[in-house]
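# Fold and contact review
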Amino acid sequence: MKKLFYITGTFTVVAALLATVLYNTAAGQDAIFERAAKTLMSQPSAQFDGMRVVICGSASPLGNDPNRAQACVAVITPEHFFLFDVGARSPLRMAQARLPMARLNGVFLTHFHSDHIASLPDVNLNSWVQGRKSSLQIYGPTGIQTVVDGFNLAYRLDQGYRVAHHGSDLLPPSAGPMTAIALSPGEVTWQDDLMTVTSFLVDHHPVEPAVGYRVDYRGRSVVISGDTMATDTLFAAAQGADLLLHDALSRTLLDPMITVATEMKVPVLPRIMTDVIDYHANTLNLEARASAAGIGQLALYHLVPVPTNALTEKMFARGLSADTILVRDLHMFDLPPDSTELLIHEP
Ligand SMILES: [Zn+2]
Ligand SMILES: [Zn+2]
């Protein structure tokens, strides 16, 4: 026993010494750095043979938390890679998840509030410089042309500098500007032999039109609400879906914030916090409807207000069943084809 104690102690001391030497010498630092760079530059994370859903942003604009980017959901299969909304800070999560930006097929926007579109230029640039060879397709309801035209105009000079610097063989100029594609809510928006993306109207009044999306792939399905009240059109479109990602507003958290802000006479905030109540879904209005629609797994994202720690997450989930998931950034859901299995990877 004593001998084992001495062996373990000696090993720990030697390991600590070795780590100190590595960390504090040029050769040691270079070796650690080379290893890290190889990991960073290796191919994106191992492919999953099915539909993988990655949360690249779970926050709403109400509240700040460096651990939560604004609304963004990635859907990846061996053949496809689509993003649904690209809120502020979401490119950071895409990099952390090592999403395969070079093969990004397109971006679907639910509506044009800033917290859903702010990272469009970064997503466009990142996928272009990582190897995308044709113009990025941006799908959305009426208004999409205005949004895409505006970003294209603002980034025209930037794209010119990059082509001049790196050459048009590396950065095809035609792949720089994005292409707007206006969809008709209620219809199939995108389709190939394996995947169908359908849009449907939601209720985010006065933002009109606002849509949600349903993605079907090899017998599996995910529905992404965008911003909406709990609404019939969504639950009709989501019938039988394996996974529903729904935006959610917690009165348990919001109401005391309104009271405190009012009592402290904070300008503007009480009015804004009250205005948002009637265009996001109350957490307590979702579970029964999801269950009636035969949804396999309800998961809440676009959290209003943003819970910033364990206490506020608990409060946000108050009144919800333990089966409902409050997602965090980099939560990952794997849906194997033609099965009912849902593999949930916590961040
Ligand atoms: Zn919105
Ligand atoms: Zn929003």
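In this report, the structure presented in the accompanying data block is examined. On a predicted model such as this, the values are computed, not experimentally measured, just so you know.

## Focus: the overall build of the protein chain
The number of helices and strands found in the protein chain is 12 helices and 15 strands. Reported as C-alpha extents along the three principal axes, the dimensions of the protein chain are approximately 70 × 55 × 50 Å. Split into buried and exposed, the 347 residues of the protein chain put 48% on the buried side. Relative to all contacts within the protein chain whose residues are 6 or more apart in sequence, the contacts with residues 24 or more apart total 65%. With the model as given, the accessible surface of the protein chain reaches about 17,100 Å², and the carbon-plus-sulfur share is 60%.

## A look at the coordination of the zinc ion (ligand 2)
Metal coordination angles in their ideal form are 109.5 degrees for the four-donor tetrahedron and 90 or 180 degrees for the six-donor octahedron. At 2.1 to 2.2 Å from the zinc ion (ligand 2) lie its protein donor atoms, namely Asp115 (OD), His116 (NE2), Asp227 (OD) and His302 (NE2). In terms of primary sequence, the donors binding the zinc ion (ligand 2) are separated according to D-H-x110-D-x74-H. If you look at the zinc ion (ligand 2) and the zinc ion (ligand 1), they sit 3.4 Å from each other and are both ligated by Asp227. One end of the pair, His116, is in helix 4 (residues 114-117); the other, His302, is in strand 12 (residues 297-304), with 186 residues separating them in the sequence. Pair check on accessibility: His116 and His302 agree, each one buried.

## Focus: the state of the cysteines
Under the counting rule described, the total for this entry stands at 1 disulfide. One disulfide bridge connects Cys56 with Cys72, the sulfur atoms lying 2.4 Å from each other. Across the S-S bond linking Cys56 and Cys72, the dihedral sits near -60°, which makes this disulfide left-handed. Note that Cys56 is positioned in strand 1 (residues 51-57) and Cys72 in strand 2 (residues 72-76), a separation of 16 residues in sequence. Overall, the relative accessible area of 0% leaves Cys72 in the buried class.

## Comments concerning the sheet that holds strand 14 (residues 332-335)
Read across the open sheet, the 8 strands follow the order 6-5-4-3-2-1-14-15; overall the sheet is mixed. Bordering the open sheet on either side are strand 6 (179-182) and strand 15 (343-345), each of which pairs with just one other strand. Across the sheet, the axes of successive neighbouring strands diverge by a mean angle of 20°, strand direction being ignored. Where strand 1 meets strand 2, 5 bridges bridge the pair, whose relative direction is antiparallel. By the bridge assignment for strand 2, Val53 is matched with Val75. In the packing of helix 5 (residues 120-129) onto the sheet, contacts are made with strand 3 (81-86), strand 4 (106-108) and strand 5 (137-140), and the angle to strand 3 comes to roughly 155°.

## Structural notes on the pattern of salt bridges
Inspection of the entire model under this criterion finds 12 salt bridges. Salt-bridge contacts for Asp49 lead to Arg218; the nearest nitrogen and oxygen are separated by 3.3 Å. Of this pair, Asp49 sits in the loop between helix 2 (26-41) and strand 1 while Arg218 sits in the loop between strand 9 (211-217) and strand 10 (220-224), and the two are 169 residues apart along the sequence. By relative accessible area, which is 51% here, Asp49 ends up exposed. A salt bridge links Arg289 to Asp232, with the shortest nitrogen-to-oxygen separation between them at 2.3 Å. With Arg289 in helix 11 (residues 287-292) and Asp232 in helix 8 (residues 232-237), this pair connects stretches of sequence that are 57 residues apart. The class of Arg289 is partly exposed, set by a relative accessible area of 29%.

Calculation notes
Residues numbered from 1 in each chain as written. Chains lettered and ligands numbered in written order. Predicted model: local features only at pLDDT ≥ 70, side-chain atom pairs only at ≥ 80, totals over all residues. Heavy atoms only, no water. Helix = DSSP H or I, 4+ residues; strand = E, 2+ residues; numbered from the N terminus. Buried < 20%, exposed > 50% of the residue type's maximum accessible area, 1.4 Å probe, protein only. Contact = heavy atoms within 4.5 Å. Areas by Shrake-Rupley, 256 points an atom, 1.4 Å probe, with all protein chains shown as cover. Donors = N, O, S within 2.8 Å, 3.2 Å for Na, K, Ca; no water. Disulfide = S-S within 2.5 Å. Pairing = 2+ DSSP bridges. Axes fitted to C-alpha atoms, helices over the stretch in contact; angles between N-to-C directions. Salt bridge = Lys/Arg side-chain N within 4 Å of Asp/Glu carboxyl O.

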